[in-house]
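Okay, here's what each chain looks like letter by letter:
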Amino acid sequence: MAGALRPDEGPRTQLALPFEGTWVVGQGYHGGESHHGHAAYALDLVKLGADGQAHVRQGKQTKDWYGFGAEVLATADGVVVRAIDEFPDNPVLGKATDTNTLIVRHGPAEFSEYVHLQHRSLRVRVGERVKRGQVLARCGNSGSATPHLHLAMLSSFEP
């Protein structure tokens, strides 16, 4: 189980955004759908296309979403402490809950968590050192109804 950093605690590590391009917050702190408990201070980030939309057509397929397959970047230097890459991506509006996840330790009581990663897209393994801005994986739809990146800063992590 992981513990969330409250915004007033703030990380001591200087962070960068984990993506390139234009993204918006689809669900923020204490979001009604799933952001409570250890995920209370997480952000769900959704990539937008040049048209300002999250997807083309009606968004019924994962490939219709601009974020699906987008590169996910390390927010800061650190060491990978969790890497799960075994679950298939959900169909849009599907019900699976198993997620492909990365957790990177940046320092004492500072971890970044990246969730809903694309199946078989992880480029790093547990124990590997990563650099800020390094490509870690691709945004997917594992364990989610729609493709997005769930990002959280955690104060603790139990393997």
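The structure we're discussing is the one just above.
Bear in mind the structure is a predicted one, so any value in this text is a computation, not a measurement.

Analysis parameters
- Residues numbered from 1 in each chain as written.
- Predicted model: local features only at pLDDT ≥ 70, side-chain atom pairs only at ≥ 80, totals over all residues.
- Heavy atoms only, no water.
- Helix = DSSP H or I, 4+ residues; strand = E, 2+ residues; numbered from the N terminus.
- Buried < 20%, exposed > 50% of the residue type's maximum accessible area, 1.4 Å probe, protein only.
- Contact = heavy atoms within 4.5 Å.
- Core = buried A, V, L, I, M, F, W, Y, C linked by side-chain atoms within 4.5 Å.
- Phe/Tyr/Trp six-rings, centres within 6.5 Å; stacked < 30°, edge-to-face > 60°.
- Salt bridge = Lys/Arg side-chain N within 4 Å of Asp/Glu carboxyl O.
- Polar contact = N/O pair within 3.5 Å; in protein donor to acceptor, adjacent residues only side chain to side chain.

(A) The overall build of the protein, seen in detail. What the protein contains, in helices and strands, is zero helices and 10 strands. Scanning the protein from its N terminus toward the C terminus, one meets helices and strands in the order β-β-β-β-β-β-β-β-β-β. Looking at the protein residue by residue over its 159 residues, the buried ones come to 48%. Across the protein, every contact between residues at least 6 apart in sequence was considered, and the portion connecting residues at least 24 apart equals 66%.

(B) Representation of the environment of K47. Within the secondary structure layout, K47 lies in strand β3 (residues 43-47). Residues K47 and E20, spaced 27 residues apart in sequence, show a C-alpha to C-alpha distance of 9.1 Å. For K47, the contacting residues outside a window of four places in its chain are E20, T22, W23, Q53, A54, Y66, G67 and A70.

(C) The arrangement of the nonpolar core in detail. In this structure, W23, L102, Y114, L117, V130, L136 and L149 are the most contacted members of the largest nonpolar core, which totals 19 residues. Looking at this core, the elements with two or more residues in it are β6 (101-107), β9 (135-138) and β10 (149-156). Excluding residues within four positions of it along the chain, V130 makes contact with A74, A76, D77, G78, V80, V104, V124 and L136. The next biggest cluster of nonpolar side chains, apart from the first, holds six residues, and it includes A42, I103, F111 and L154.

(D) Highlighting the packing of aromatic side chains. Under the definition given, this model contains two aromatic pairs. Plain terms: the ring middles of F19 and W23 are 4.8 Å apart, the flat faces sit at 25 degrees to each other, and that makes the pair stacked. In this structure F19 comes out as buried when scored by relative accessible area, which is 12%. You can call W23 buried: its relative accessible area is 11%. Consider the rings of F111 and F157, whose centres lie 5.9 Å apart with planes at 45 degrees: the pair is tilted. With F111 in strand β7 (residues 110-115) and F157 in the segment after β10, this pair connects stretches of sequence that are 46 residues apart.

(E) Summary view of the pattern of salt bridges. A complete count under the given rule lists three salt bridges for this structure. Across the salt bridge formed by K131 and D77, the nearest N and O atoms sit 3.9 Å from each other. Within this pair, whereas K131 is found in the loop between β8 (129-130) and β9, its partner D77 is found in the loop between β4 (71-73) and β5 (78-84), the two being separated by 54 residues in sequence.

(F) Spotlight on the side chain of H106. Considering the arrangement of structural elements, one finds H106 in strand β6. Here T75 takes part through its side chain, which lies 3.5 Å from a polar atom of the side chain of H106. Residue contacts for H106: discarding those within four places in its chain leaves T13, T75, A76, D77, G78, F111, S112 and M153.

(G) Expanded view of the environment of K131. Judged by relative accessible area, which is 56%, K131 ranks as exposed. Spatially, the C-alpha atoms of K131 and A74 are 6.6 Å apart, while their sequence positions differ by 57 residues. Other than its neighbours up to four places away in sequence, K131 contacts A74, A76 and D77.

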